[in-house]
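# Summary of the model geometry
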Amino acid sequence: MMLKISNLNVHYGESHIIRNVDLTVLPGQMVCLIGRNGVGKTTMLKTIMGLLKPSSGIINFGGEIINPKPTYERAKMGIGYVSQGREIIPRLTVKENLLLGLEARQKPVKKPEIPPEIFSLFPVLKTMLSRMGGDLSGGQQQQLAIARALMGKPQLLVLDEPTEGIQPSIILEIEAAVRQIIEATGISVLLVEQHLHFVRQADYYYAMQKGGIVASGPTQELSQDVIQRFLAV
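Everything in this summary refers to the structure shown in the same document.

Analysis parameters
- Residues numbered from 1 in each chain as written.
- Predicted model: local features only at pLDDT ≥ 70, side-chain atom pairs only at ≥ 80, totals over all residues.
- Heavy atoms only, no water.
- Helix = DSSP H or I, 4+ residues; strand = E, 2+ residues; numbered from the N terminus.
- Buried < 20%, exposed > 50% of the residue type's maximum accessible area, 1.4 Å probe, protein only.
- Contact = heavy atoms within 4.5 Å.
- Areas by Shrake-Rupley, 256 points an atom, 1.4 Å probe, with all protein chains shown as cover.
- Lys, Arg positive; Asp, Glu negative; His and termini not counted.
- Charge placed at Lys NZ, Arg CZ, Asp CG, Glu CD.
- Core = buried A, V, L, I, M, F, W, Y, C linked by side-chain atoms within 4.5 Å.
- Axes fitted to C-alpha atoms, helices over the stretch in contact; angles between N-to-C directions.
- Parallel < 35°, antiparallel > 145°, perpendicular 65-115°, else oblique.
- Left-handed = near helix turned anticlockwise from the far one by under 90°.
- Nonpolar A, V, L, I, M, F, W, Y, C, P; charged D, E, K, R; others polar.
- Salt bridge = Lys/Arg side-chain N within 4 Å of Asp/Glu carboxyl O.
- Pairing = 2+ DSSP bridges.

### Re the overall build of the protein chain
Across its full length, the protein chain carries 9 helices and 10 strands. Dimensions of the protein chain, computed from the C-alpha atoms along their principal axes, are close to 45 × 40 × 30 Å. Counting all 233 residues of the protein chain, 50% fall into the buried class. Across the protein chain, contacts joining residues at least 24 apart in sequence account for 68% of those joining residues at least 6 apart. Surface accessibility of the protein chain: about 11,000 Å² in total, with carbon and sulfur atoms responsible for 52%. Computed over 24 positive and 20 negative side-chain charges, the separation of the two mean positions in the protein chain equals 4 Å.

Here is the structure:
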């Protein structure tokens, strides 16, 4: 079991945002969390990363309960996170942004360098190493953010709406790269996504409504009814 969440509850002050959520991601599996805006999907990912504290419930990663662990320890254990805002450092070059990803590795890296597989996944980054992160387009920044997370050699990659605000051609490139990452490395991916074509790339889905899981199953069984209820805006 890569990630197992049991009976998770999260509050913001008096508001009960996440309600009794159970969710599992298996090794090498791509799992998609779907739902309309404001149902708790981002809160869920932030809680997995330790950015928010659950009121109750258990987060088990790789056979270990990680509830007490701070975010940086979760990263070093092998959870890579790409947040909704991408959080590229605009005044650092593409190369410097990528090398920052090495900080998430368990052991310090003696000779910091970018492995060639990063450029085979995202060829555009190779041509832009000396450009400032802030000068990249939204789609290029998203590719950089995913590549930076991969520099830490994660076992689980957590992506919050990676296609939001990105042109369709780049969406397909990011989709292909994520599938390639899973096939080449065997890592797991937990993804929050609204783009239906991307959702269908996943092996399994969970649909959220009002902070709870209301439907789940293999994505090949994702019905038009579920899409209309939980994905259509």
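Having put the structure on the table, let's press on.
### Some thoughts on the nonpolar core
Generally speaking, soluble globular proteins have nonpolar side chains that are buried together. With 47 residues, the main nonpolar core has Ile34, Ile146, Leu150 and Leu157 as its most contacted residues. The residues contacting Ile146, other than those within four sequence positions of it, are Val82, Phe122, Leu157, Leu159, Ile174 and Ile181. Listed in part, the 27 residues of the second largest apolar core include Leu8, Ile18, Met44 and Tyr206.

### What to know about the packing of helix H6 (residues 138-151) against helix H7 (residues 168-185)
The relative placement of two packed helices is expressed as an angle between their axes plus a distance between the axes. Contact pair H6 / H7: the axes reach a minimum separation of 10 Å and the direction vectors enclose 10 degrees. Between H6 and H7, the angle falls in the class roughly parallel. The chirality of how H6 crosses H7 is right-handed. From H6, Gly139, Gln142, Gln143, Ile146 and Leu150 reach across to H7, where they touch Ile170, Glu173, Ile174 and Ile181. Residues of the contact of H6 with H7, tallied by class, amount to 5 nonpolar, 3 polar and 1 charged.

### Looking at the pattern of salt bridges
Inspection of every chain in the model, using the stated rule, returns 5 salt bridges. Asp225 is the partner of Arg229 in a salt bridge, and the nearest nitrogen-oxygen pair spans 2.9 Å. Taken together, the positions of Arg229 and Asp225, both in helix H9 (residues 224-230) and 4 residues apart, correspond to about one turn of that helix. For Arg229, a relative accessible area of 41% puts it in the partly exposed group. Residues joined by salt bridges that share partners form a network here, namely Glu64, Lys69 and Glu73.

### Things to note about the sheet that holds strand S5 (residues 64-65)
Spatial ordering of the open sheet is given by S2-S1-S4-S5, a layout of 4 strands whose pairing is antiparallel. Two strands close off the open sheet at either side, each with one partner strand: strand S2 (15-25) and S5. In terms of strand pairing, strand S1 (residues 3-12) meets strand S4 (residues 56-61) through 5 bridges, oriented antiparallel. Residue pairing in the sheet places Asn9 in a bridge with Ser56 of S4. Relative to S1, helix H1 (residues 41-48) is tilted by about 115 degrees, and along the sheet it contacts S1, S2 and S4.

### Considerations on the sheet that holds strand S6 (residues 79-82)
Pairing in this open sheet of 6 strands is mixed, and the strands run S6-S7-S8-S3-S9-S10 from one edge to the other. Only two strands of the sheet have a single partner each, and these edge strands are S6 and strand S10 (212-218). With direction set aside, neighbouring strand axes in the sheet form an average angle of 15 degrees. When strand S7 (residues 156-160) meets strand S8 (residues 188-192), the two strands line up parallel, connected through 5 bridges. Across the sheet, residue Asp160 finds its bridge partner in S8, namely Val192. Packing of H7 onto the sheet brings it into contact with strand S3 (30-34), S7 and S8, and relative to S3 it is tilted by some 140 degrees.

### With respect to H1
Counting buried positions along H1 yields 6 of 8 residues, so the element is predominantly enclosed. Turning to H1, its buried residues number three or more, namely Lys41, Thr43, Met44, Leu45, Thr47 and Ile48. Just past H1, the residue Gly50 takes up positive phi, approximately 85 degrees.

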